[in-house]
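These are the residues of each chain, in order.
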Amino acid sequence: MTTATPIPLAPSVRRPRIEDYALIGDMQTAALVCRDGSVDWLCLPRFDSAAVFAGLLGTDEHGFWRIGPTVPAGEPAAHANRRRYRGQTLILESEWDTATGTVRVLDLMPPRHEHGPQLIRIVEGVSGTLEMTSTMSPRVGYGRRTPWIYDTDGRTAAVSGPDALWLDTSVPGTEKDGAVHHRFTVTAGAWVAFTLSWQPSHAPAPEVPDAEAALTQTSAFWEAWAEQLVYDGPHREPVIRSLITLKALTYAPTGGIVAAPTTSLPEELGGERNFDYRYVWLRDAAVTLSALLRTGCRDEAIAWRRWLLRTLGGDPENLQIMYRLDGRRDMPERELHWLSGYEGSSPVRVGNGARDQLQLDVPGEVIETLALAHEHGVARCENTESLIMKLVDFVRRHWRKPDDGIWEVRGGRRHFTHSKIMCWAAIDHAVRLADQGVLDADLAELVSLREEIHAEVCARAFDSQRNTFTQSYGSKELDASLLLLPRTGFLPADDPRVVGTVDAVRRELASDGVLVHRYRTDGRHVGMDGFSGDEGAFLLCSFWLVDALALTGRLDEAEALFEQLLSLRSDLGLLAEEYDPVANRQLGNFPQAYSMLGLNQQRRPAGRDPQDGGRAGDRRVSTPTSVAGPGSWSSWPGQLTGRTPVLQPRLCAAARRPQPTPTCEESPCSIRR
């Protein structure tokens, strides 16, 4: 490599839409690749490490790596004419058509097997002859530090503090002002590989990756993983793509599942609602795991349970709502003042100050997932039983308290209705597990507690004049989390209070009855959540509305709404956290596990006695019920069983075969009663 005048770059201020990005990853970290061939976000070596390319949250000055057809100086880089994932993999194919030919770029991150993180980019000539440009401008520490770039033994190294990047390619390049430039020609049938490896700066240089072998192995891994999925119902392509994305958000070494691979993509353009999602939320991970488990992903279920047991240890009393990938608790929140934020949305935050919040719905989600794992043959052992009982005891001692709620508000604690209902759900699951002999618990005491919670919620959270449950005790506000009411089995799905709540939320919080907002915000004023500004519609809440409509017997409306939500996905089938119904674009961290699981999640709400309302004496095993996800409800015949509509998904034969049950020894931990 020589030092020379740099090849002209595209203008430094680029504002692609969030949905213009593609996800690639190795189940330990992930990169976002734009339509113009630029990698604008990559944290190394883990999801929650500092970014080496952070242009997504600033400008090109904060790090990027762009490969594409050469353009005249001063002109923006050309967007690919076509892009797709190769088969059922996470390998991105982008193609450009120019006046002189067509070129394809393959982007991938091989799953790690005895090597560190690698980003591999392969340029293939499809037809004609094209001049191509690669410009790699790493900026370590979230775009703050320019590394020392030098040549050694025919390789390019970029070193800063503890981080070292190694770039390998067969074409000569130049270096200028902290960027590495390559200009080369590719013809039909020819290909050029670029490989980027990360290594601690004190360690020996990593081996040069074999790009062709990595491509073959990465393709084989993802195809084999997708092949073992058992879903064969309608909308198979978006369902499988969502599951592959959820798998990519799983941190392979520990089994933890991140909420999203990004931080601070805004919930409102130019606003302050920008948060770091690169951690494991117990709620999000539990619900994500449920979707994977129901489609045959037993290994992921076992790994997540092990992570949970290790992380919570013997002390669920000090339960956090989120943890780091390896179970650590520390994630202090700070602002990165040198980054302007996506489209000027500041501050950019790393860490998350909501970690110490009290969210009383979390034990219910965790217990429900553990119960589901038990139903699917993932081993029950003394350790899991002990954890469930500790969580039940946590609910018993805390359910009367106000909490911060599912949305992590920073405007003060309230008696949130959803939190209370999920406390009820936690005890309800414990009642049924005890009744089945799975838990060694005082059944009468649990039933009494379940009835007490149920009675208080009905008395204090229901607005009889408006025929709706409200966001919190005594409030007039509504909340999208109330759409989960028919799914929990707290009341029969066709109870007038349930139907009234669903209709009220749809009427007051949904844009055109489709895109549902979490709650009302107050524009320039600080709202109940402690923040000023507004936000987009929360995509998972819109999938919850699909569920609620189906469960209350309005299957045609549910199917029509689901089809509308499918159309909001990017061209690669990805969804961010939110959607702006005015600007018609995605908002928030991307891709978000919570939104992706809305495409395929299937729950098992309890089949309640319509005369009992889910209170004392009701210990019936739940019946399979669809939730927003894979499906055309016309092909999932819906009928009323008792008062809960049962929508029956089709599963492959493999899903109905007996599965081997792991032993307790397969998930060791140290929890004891």
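Since the model is a prediction, treat every value here as computed from it, not as a measurement.

K.L.:
Even after reading the chapter, I still don't get the overall build of the protein chain, so can you show me in this structure?
P.N.:
Helix and strand counts for the protein chain come out as 15 helices and 29 strands. Put simply, 68% of the contacts in the protein chain that link residues at least 6 apart link residues at least 24 apart.

K.L.:
What am I meant to see in helix α3 (residues 236-248) here?
P.N.:
Because each turn of an α-helix spans 3.6 residues, side chains separated by three or four positions in sequence point in the same direction. With 13 residues, α3 ought to run about 18 Å at 1.5 Å a step, and its terminal C-alpha atoms sit 18 Å apart, in line with that. Within α3, eleven of the 13 residues are buried, leaving the element largely enclosed by the surrounding structure. Listed in full, the buried residues belonging to α3 are Pro-238, Val-239, Ile-240, Arg-241, Ser-242, Leu-243, Ile-244, Thr-245, Leu-246, Lys-247 and Ala-248.

K.L.:
I tried to follow the environment of Val-208 on my own but got confused; where do I start?
P.N.:
Along the chain, Val-208 falls in the loop between β16 (191-200) and α2 (211-227). Along the primary structure Val-208 and Trp-166 are separated by 42 residues, whereas in three dimensions their C-alpha atoms are 8.7 Å apart. For Val-208, the contacting residues outside a window of four places in its chain are Arg-155 and Asp-168.

K.L.:
Hey, could you run me through the packing of helix α5 (residues 298-312) against helix α6 (residues 362-375) in this one?
P.N.:
The angle between the axes and the distance between the axes are what describe a pair of packed helices. Remark: α5 packs on α6, axes separated minimally by 11 Å, with the N-to-C direction vectors making an angle of 135°. Between α5 and α6, the angle falls in the class oblique. Here α5 and α6 pass one another in a crossing that is left-handed. Contacts between α5 and α6 pair Trp-304, Arg-305 and Leu-308 from the former with Val-366, Thr-369 and Leu-370 from the latter. Here the residues of the contact of α5 with α6 sort into four nonpolar, one polar and one charged.

K.L.:
What is the right way to read the packing of aromatic side chains from this model?
P.N.:
What characterises a pair of aromatic rings is the spacing of the ring centres plus the angle enclosed by the ring planes. Inspection of every chain in the model, using the stated rule, returns 13 aromatic pairs. Ring geometry for Trp-65 versus Phe-194: centroids 6.5 Å apart, planes at 75°, classification edge-to-face. Note that Trp-65 is positioned in strand β6 (residues 64-69) and Phe-194 in strand β16, a separation of 129 residues in sequence. Judged by relative accessible area, Phe-194 falls into the buried class, the value being 0%. Members of the aromatic cluster, joined through ring pairs, are Trp-65, Phe-184 and Phe-194.

K.L.:
Just to check I follow, could you spell out the pairing of strand β13 (residues 163-169) for this structure?
P.N.:
Along β13, six of the seven residues are buried, which leaves the element largely enclosed by surrounding structure. Following strand β12 (residues 155-160), the chain reverses through two residues before pairing antiparallel with β13; Gly-161 in that reversal takes a positive phi of roughly 60°. One ladder, built from seven bridges, connects β13 with β16; its direction is antiparallel. Within the sheet, the bridge partner assigned to Thr-169 lies in β16 and is Phe-194.

K.L.:
What should I look at first to understand the layout of surface pockets in this one?
P.N.:
Empty space among the atoms can be located by rolling a probe the size of a water molecule over them. Of the pockets and cavities examined, the second largest pocket occupies roughly 390 Å³. Lining the second largest pocket are 21 residues; nearest its centre among them are His-113, His-115, Gln-118, Pro-209 and Gln-217. Every element with two or more residues in the lining of the second largest pocket is listed here: β16 and α2.

K.L.:
Sorry, what's going on with unusual backbone geometry here?
P.N.:
Note: most residues except glycine have negative phi, and most peptide bonds are trans. In this model, Ser-346 is joined to Pro-347 through a cis peptide bond whose omega is 5°. Here Phe-590 and Pro-591 are connected by a cis peptide whose omega angle stands at -20°. By secondary structure assignment, the location of Pro-591 is in the loop between β27 (585-587) and α14 (593-597). Phi is positive for His-235, close to 55°, though the residue is something other than glycine. Note on placement: His-235 falls in the loop between α2 and α3.

K.L.:
What am I meant to see in α6 here?
P.N.:
Between its first and last C-alpha atoms α6 spans 20 Å; for 14 residues at 1.5 Å apiece the expected length is 20 Å, and the two agree. The buried fraction of α6 amounts to twelve of the 14 residues, a majority that puts the element mostly inside the structure. Among the residues of α6, those classed as buried are Val-362, Pro-363, Gly-364, Glu-365, Val-366, Ile-367, Glu-368, Thr-369, Leu-370, Ala-371, Leu-372 and Ala-373. Just downstream of α6 lies Gly-377, where phi reads positive at about 90°.

Cut-off values and rules
- Residues numbered from 1 in each chain as written.
- Predicted model: local features only at pLDDT ≥ 70, side-chain atom pairs only at ≥ 80, totals over all residues.
- Heavy atoms only, no water.
- Helix = DSSP H or I, 4+ residues; strand = E, 2+ residues; numbered from the N terminus.
- Contact = heavy atoms within 4.5 Å.
- Expected span 1.5 Å × (residues − 1).
- Buried < 20%, exposed > 50% of the residue type's maximum accessible area, 1.4 Å probe, protein only.
- Axes fitted to C-alpha atoms, helices over the stretch in contact; angles between N-to-C directions.
- Parallel < 35°, antiparallel > 145°, perpendicular 65-115°, else oblique.
- Left-handed = near helix turned anticlockwise from the far one by under 90°.
- Nonpolar A, V, L, I, M, F, W, Y, C, P; charged D, E, K, R; others polar.
- Phe/Tyr/Trp six-rings, centres within 6.5 Å; stacked < 30°, edge-to-face > 60°.
- Pairing = 2+ DSSP bridges.
- 1 Å grid on protein atoms, 1.4 Å probe; cavity = no way out; pocket = protein on both sides within 12 Å on 5 of 7 lines; lining within 4 Å.
- Points joined across faces, edges and corners; volume = space filled by probe spheres on them.

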